[in-house]
Amino acid sequence: QVHLEESGGRLVQAGNSLRLSCVASGLAFGSYSMGWFRQAPEKEREYVAVINWRGDFTKYADSVKDRFTISRDNAKNTVFLQMSDLKPEDTAKYYCAASLTSVLTSEDAFQYWGQGTQVTVSS
C-alpha cells in the first residue's frame, strides 16, 4: 500500500518562507523520481518542481525558479520543497507525487499522489 503524506502548509505573509515535506511509504523510495505540483481553486494543476531518484538533477517551473528548491533525503523517504519570497499567486494546494520514469514534468508520468497541503499567501 503506497502512501504519500504532505505537511507544512499554512497561512503566511507575502515575502516569507515555508518548507513543505512529503513522507513516502510502501514503495522503494530511492527508485522513484519525485515531483511537486500545485492547484489553485478553479484552476488546472500545474508542475512546480521535479527531482531525480538520486537527487543530483532538478527542474523548476519558470514561475518558481530561483525562489523554490526541491530536495530529498532517501534515508528518511522524504522529499522537501523549500519556498522563499512567497507571493499571493503561490496560493494553492501543493501535492507531491512519485514516478518510476525520468524527471518528466507531465503529471501523467507520476503513478502515486498525496492528498495535498494548503499554502495560502496573504498580501
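Use the structure listed above.
Residues numbered from 1 in each chain as written. Predicted model: local features only at pLDDT ≥ 70, side-chain atom pairs only at ≥ 80, totals over all residues. Heavy atoms only, no water.

**Re the sheet that holds strand E8 (residues 78-83)**
If you walk across this open sheet you meet the 4 strands as E1-E3-E8-E7, and the pairing is antiparallel. Edge positions in the sheet fall to strand E1 (3-7) and strand E7 (68-73), since each has one partner strand and no second. Across the sheet, the mean angle separating the axes of adjacent strands is 15 degrees when strand polarity is ignored. (Pairing = 2+ DSSP bridges. Helix = DSSP H or I, 4+ residues; strand = E, 2+ residues; numbered from the N terminus. Axes fitted to C-alpha atoms, helices over the stretch in contact; angles between N-to-C directions.)

**Let's talk about unusual backbone geometry**
Non-glycine residue Glu42 carries a positive phi angle of around 60 degrees. Residue placement: Glu42 occurs in the loop between strand E4 (33-39) and strand E5 (46-51). Phi is positive for Asp66, which is not a glycine, with a value near 75 degrees. Along the chain, the position of Asp66 falls in the loop between strand E6 (58-60) and E7.

**Considerations on the packing of aromatic side chains**
The tally for this structure, following the rule as stated, stands at 4 aromatic pairs. With a centroid separation of 5.1 Å and an interplanar angle of 80 degrees, the aromatic rings of Phe37 and Phe110 are classed as edge-to-face. Of this pair, Phe37 sits in strand E4 while Phe110 sits in the loop between strand E9 (92-99) and strand E10 (112-113), placing them 73 residues apart in sequence. With a relative accessible area of 6%, Phe110 lands in the buried category. One aromatic cluster in this structure is built from Phe37, Phe110 and Trp113. Here the basic side chain of Arg45 rests over the ring of Trp113, its NZ or CZ set 3.9 Å away from the ring centre. (Phe/Tyr/Trp six-rings, centres within 6.5 Å; stacked < 30°, edge-to-face > 60°. Buried < 20%, exposed > 50% of the residue type's maximum accessible area, 1.4 Å probe, protein only. Lys NZ or Arg CZ within 6 Å of the ring centre and 35° of its normal.)

**Section: the side chain of Thr117**
Here Thr117 is to be found in strand E11 (residues 117-122). Look at Thr117 and you get buried, because its relative accessible area is 9%. From its side chain, Thr117 meets the backbone nitrogen of Gly9 in a polar contact 3.0 Å long. With residues near it in sequence (within four places) discarded, Thr117 still touches Glu6, Ser7, Gly8, Gly9, Leu20, Ala92, Lys93 and Tyr94. (Polar contact = N/O pair within 3.5 Å; in protein donor to acceptor, adjacent residues only side chain to side chain. Contact = heavy atoms within 4.5 Å.)

**A look at the state of the cysteines**
In this structure the tally under the stated criterion is 1 disulfide. The side chain of Cys22 participates in a disulfide bridge whose partner is Cys96; the two sulfur atoms lie 1.8 Å from each other. With Cys22 in strand E3 (residues 18-25) and Cys96 in strand E9, the pair connects residues that are 74 residues apart, well separated along the chain. Owing to a relative accessible area of 0%, Cys22 belongs among the buried residues under this scheme. (Disulfide = S-S within 2.5 Å.)

Honestly, it's all geometry; don't read function into it.
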